[in-house]
Amino acid sequence: QVQLVESGGGLVQAGGSLRLSCAGTGYIFSNFAMGWFRQAPGKEREYVAAISWDGGTTDYADFAKDRFTIARDNARNTVYLQMNSLKPEDTAVYSCAVMTKGYYSTFDAEQAYGYWGQGTQVTVSS
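First, a word on what this report is: a plain description of the structure on this page. Each chain has its residues counted from 1, running along the sequence as written. Under the rules for a predicted model, residues below a pLDDT of 70 receive no local features and side-chain atom pairs below 80 are neither given nor counted, while totals for whole chains, interfaces and linings still include all residues. Calculated side-chain values reflect all of the structure's heavy atoms, with hydrogen atoms and water omitted.

1. Focus: the nonpolar core
Move 1: Core analysis: the biggest nonpolar cluster contains 26 residues, and Met 34, Trp 36, Leu 81, Met 83 and Tyr 94 have the highest contact counts within it.
Move 2: Going through the elements one at a time, β3 (18–25), β4 (34–39), β5 (46–51), β7 (68–73), β8 (78–83), β9 (92–99) and β11 (120–125) are the ones with two or more residues in this core.
Move 3: Here a helix means four or more residues in a row that DSSP labels H or I, a strand means two or more in a row labelled E, and each is numbered from the N terminus. Counting residues per element, this core draws most heavily on β9, at 4 residues.
Move 4: In what follows, a contact means two residues having at least one pair of non-hydrogen atoms within 4.5 Å. When sequence neighbours within four positions are dropped, the list of residues in contact with Met 83 reads Gly 16, Ser 17, Leu 18, Leu 20, Arg 67, Phe 68, Tyr 94 and Val 122.
Move 5: Grouped together as the second largest cluster of nonpolar side chains are 11 residues, Ala 33, Phe 37, Ala 97 and Met 99 included. The definition of a nonpolar core used throughout is a set of buried Ala, Val, Leu, Ile, Met, Phe, Trp, Tyr and Cys residues joined through side-chain atoms within 4.5 Å. Whether a residue is buried, partly exposed or exposed follows from its accessible area with a 1.4 Å probe, protein chains only, as a fraction of its type maximum: under 20%, in between, or over 50%, in that order.

Pasting the structure below:
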């Protein structure tokens, strides 16, 4: 029933930009905070950014604070991740997730997210 579909990934040169989208269906989109995570080959999944149910609060991993922007459009049931000044180390599969356990203290708590998309590949060439 719950489905998250990411799009917008692709191949980009270092220094370039991409905007990822995540469309959520099967639940009341505006009731939940949303997060972005990424996973590179051979690496653990890591937190990227999150946004509150109404977009009033955003949170970023240190590496993302100056280069990435998370936003949401509840009318379109979509959350976005604008990525600028991309680096080769940003290469990963980027996934969005629904925060279903809102009692966790921080947005980066992976266990707080109950639903996950399949991800979209981002490749940054040097």
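Still more ground to cover, so stick around.
2. A word on the sheet that holds β7
Move 1: Between any two strands, pairing holds if DSSP finds at least two bridges. The 4 strands are arranged β1-β3-β8-β7 in an open sheet whose pairing can be described as antiparallel. Single-partner strands in this sheet number two, and they are β1 (3–7) and β7. Across the sheet, the mean angle separating the axes of adjacent strands is 15 degrees when strand polarity is ignored.
Move 2: Bridge analysis of β7 against β8 gives 6 bridges, and the strand direction is antiparallel. From the neighbouring strand, Ile 70 faces β8, where its bridge partner is Leu 81. Only the stretch in contact is used when a helix axis is fitted, and all axes are lines through C-alpha atoms; the angle between N-to-C directions ranges over 0 to 180 degrees.

3. A closer look at the pairing of β3
Move 1: Sheet topology places β1 next to β3; 5 bridges connect them, and they run antiparallel. Bridge pairing in β3 links Glu 6 to Cys 22.
Move 2: Direction of pairing for β3 relative to β8: antiparallel, over a ladder of 6 bridges. Residue pairing in the sheet places Leu 18 in a bridge with Met 83 of β8.

Everything listed here is a matter of coordinates, which is why it stays silent on function.
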